[in-house]
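Residue-level structure breakdown
Spelled out, the chains give:
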Amino acid sequence: MADANAAVAVVTVSLVVLGLLSGLSLSWALLPVAVVVLIFVLASGLKGRDELAHLNVCVLVLGDVGRSPRMQYHALSLSRHGYNVTLIGFLGSKPHQDILEDGRIDILPISELKGLTVGPKIVRYASKVIFQTVQLFYVLMRIEDQGYILMQNPPGLPAIAVTWMASRFRGSQFIIDWHNYGYTIMALTHGQNHFIVKLAKWYERLFGCFSDHNLCVTNAMREDLRKNWNIEATTLYDKPPPIFRETPLKLQHELFIRLGSTYLPFRPSPDVTKEYMELTACTERNTQTGAVTRSAGRPALLISSTSWTEDEDFSILLQALEEYEKFVEAGHKLPSLVCVITGKGPQKEYYKKLIDSKELQHIKICTPWLEAEDYPVLLGSADLGVCLHKSSSGLDLPMKVVDMFGCCLPVCAIHFQCLHELVKHEENGLIFKDSKELSEQLKLLFSDFPSDQGKLGIFRKNLRESGQQRWDENWDQNVLPLIKEHCD
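Figured I'd write up the structure that's included with this text. Each residue is numbered by its place in its chain's sequence as written, counting from 1. The model is predicted, so local features are restricted to residues of pLDDT at least 70 and side-chain atom pairs to those at 80 or more, both for listing and for counting; the totals for chains, interfaces and linings are taken over all residues. Note that water and hydrogens are dropped before the side-chain values are worked out from all heavy atoms of the structure.

**Structural notes on the overall build of the protein**
Using the following cut-off: Secondary structure elements follow DSSP: runs of H or I of four or more residues count as helices, runs of E of two or more count as strands, with numbering from the N terminus. Residues count as neighbours in contact if any of their non-hydrogen atoms are within 4.5 Å of one another.
Within the protein one finds 19 helices and 16 strands. Restricting the contact set of the protein to residue pairs at least 6 apart, pairs at least 24 apart contribute 70%.

Quick look at the structure:
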């Protein structure tokens, strides 16, 4: 605890100095001192540490648990090895059914506080951070003793500082799982030189150094953390869990029937009718024998997943699809496309309006939000995946591609710094730089459709034969030893 006290003192002094440099009066600049004193008073009344605390792990994400698959996988892996897990986060989307049914995992929802709704923008943002700080610190101080607190970053403001402080008082080991840098995401909106972005980088770098252990998603990020932030981390690549696999034809048909009740692109052409056959756009089932086959002349199923944020420019895909439409109209032997773009996010409505304005005859686009159980089934039914994720830091990899590869689904992905750690050009997919290059790749890959003898079939064959490592094995090799080292 002596180290924790010294660290608290360093941070407190830093905040006071920052306040004075920002022009605050002495009384306001000394506010952090009063807060720290109050916290010490509160902490002094804590009960003695539970002897079985080493069997408890808190998994924390200051975001939507249902849209945080990696943290859900952490929770399931911990439970599989006999640990009791408290999973803390927002309950916006439904978590995976395995999480809900696991007796060792307790979900502790927290509110997505918005802060003040009036006043200057900076005041509203500051109030949101303050409200979240109070709520999160209260929750972390009230839960049972934990051997570890494993926190996702980003979002890390105010989670890193609050979790670090709570872990010091509770005697827990503090692990940060670095998915990206939060300040680089803010820079997409405000620019790298904005005061808020610079403050966020200072904060992230300062408090990130106080963690006991660190995980990260790429070797490039591990090296950057070591070189620029003096943080030693273990690379834990995203790997697909067993639910991501090629989907049997019968399950494909059942999914298409369900989706067709809501989304027109999955329905058969109104001109096509067959006796004793249940039809979808891509499959047909004999109602007498139950046999399912692929429809003759079926469209190719193209899928992309997104959080509809600034680091994914979907106008690139839309422009490529318009070029593909021109190829078809020019007489190239290419299939029609059903393009499915899944996900939720702030720019979804903007792009939906853009999509609705397109007049495409050979391409149908829909933007569903899928339940956690349906998403891997759809990936395993698709013919090609497209990824438009451009890392804000250039140091993280798109989990959507990991999931696609788990389903042996070839991918076209937009180029960025460390993509080569995942996508091998001309081996398991193709890498493009702009819409023109993507449109040419779509024409190339679908020129032999639906034959499996062309490039698309070769990429899928390579994925099948690659012997991909799955999440459980990867986690057991890289994270379990770290947990056991502390517990033992």
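**A closer look at the side chain of Thr218**
Note the following rule: Polar contact criterion, stated in full: a pair of N or O atoms within 3.5 Å, where within protein one must be able to donate a hydrogen and the other to accept it, and residues adjacent in sequence count only if both atoms are side-chain atoms.
Its location among the elements puts Thr218 in the loop between β6 (213-216) and α10 (219-229). Of the polar contacts made by the side chain of Thr218, one reaches the backbone oxygen of Leu395; its length is 2.5 Å. Dropping the residues within four chain positions of it, Thr218 is found in contact with Thr235, Tyr237, Leu395, Asp396, Leu397, Cys418 and Glu421.

**Considering the packing of helix α12 (residues 315-329) against helix α16 (residues 435-446)**
How we decide: To get an axis, fit a line to the C-alpha atoms, keeping to the stretch in contact for a helix; angles then go from 0 to 180 degrees between the N-to-C directions. Each angle is binned into one of four classes, with values under 35 degrees roughly parallel, values over 145 roughly antiparallel, values of 65 to 115 roughly perpendicular, and all other values oblique. Take the far helix as the reference: if the near one is turned anticlockwise from it by less than a right angle, the crossing is left-handed, and if turned clockwise, right-handed. Amino acids outside the nonpolar list (Ala, Val, Leu, Ile, Met, Phe, Trp, Tyr, Cys, Pro) and the charged list (Asp, Glu, Lys, Arg) are all regarded as polar, and Gly is one of them.
Running from N to C, α12 and α16 cross one another at 50°; their axes reach a closest spacing of 8 Å. Relative to α16, the element α12 is oriented oblique. α12 and α16 meet at a crossing whose hand is right-handed. Contacts from Ile316, Leu317, Gln319, Ala320, Leu321, Glu323, Tyr324 and Phe327 in α12 reach Ser435, Leu438, Ser439, Glu440, Leu442, Lys443 and Phe446 in α16. Here the contact of α12 with α16 is built from residues that sort into 9 nonpolar, 3 polar and 3 charged.

**Some remarks on unusual backbone geometry**
The condition that has to hold: Classification of residues uses two cut-offs on accessible area relative to the type maximum, computed with a 1.4 Å probe and protein chains only: under 20% is buried, over 50% is exposed, and between them is partly exposed.
For the bond running from Asn153 to Pro154, omega is -10°, close enough to zero to count as cis. Examined against the element boundaries, Pro154 turns out to sit in the loop between β4 (148-153) and α7 (159-170). Going from Pro154 to Pro155, the amide bond is cis rather than trans, its omega being 0°. Along the chain, the position of Pro155 falls in the loop between β4 and α7. Even without being a glycine, Tyr276 presents a positive backbone phi close to 60°. Considering the arrangement of structural elements, one finds Tyr276 in the loop between α11 (249-260) and β8 (277-279). Assessed through its relative accessible area of 45%, Tyr276 is described here as partly exposed. The backbone of Glu426 sits at a positive phi, close to 70°, despite the residue not being glycine. Take Glu426: it is sitting in the loop between β15 (411-414) and β16 (429-432). Residue classification places Glu426 among the partly exposed residues on the basis of a relative accessible area of 40%.

**A few points about the pattern of salt bridges**
Spelled out, the test is: Just to be clear on terms, a salt bridge is a Lys or Arg side-chain nitrogen sitting within 4 Å of an Asp or Glu carboxyl oxygen.
One pass over the full model with this rule turns up 20 salt bridges. The residue Arg170 makes a salt bridge to Asp145 at a minimum N-O spacing of 2.7 Å. Within this pair, whereas Arg170 is found in helix α7, its partner Asp145 is found in the loop between α6 (121-142) and β4, the two being separated by 25 residues in sequence. Across the pair, exposure class does not vary: Arg170 and Asp145 are buried alike. Of the charged contacts, one joins Lys400 and Glu312 as a salt bridge, the two residues approaching to 2.3 Å between their closest N and O atoms. With Lys400 in helix α15 (residues 399-406) and Glu312 in the loop between β11 (300-305) and α12, the pair connects residues that are 88 residues apart, well separated along the chain. Each member of the pair, Lys400 as well as Glu312, is classed as buried.

**Regarding the sheet that holds strand β12 (residues 337-342)**
Strand pairing in a sheet relies on backbone hydrogen bonds. The paired strands run either parallel or antiparallel. Stated precisely, the cut-off is as follows: The pairing criterion for strands is at least two bridges between them, as found by DSSP.
The sheet built from 6 strands is open, its strands ordered β13-β12-β11-β14-β15-β16 with parallel pairing. Every interior strand has two partners, whereas the edge strands, β13 (363-366) and β16, have only one. Within this sheet the neighbouring strands show an average axis-to-axis angle of 20°, counted without direction. When β12 meets β13, the two strands line up parallel, connected through 4 bridges.

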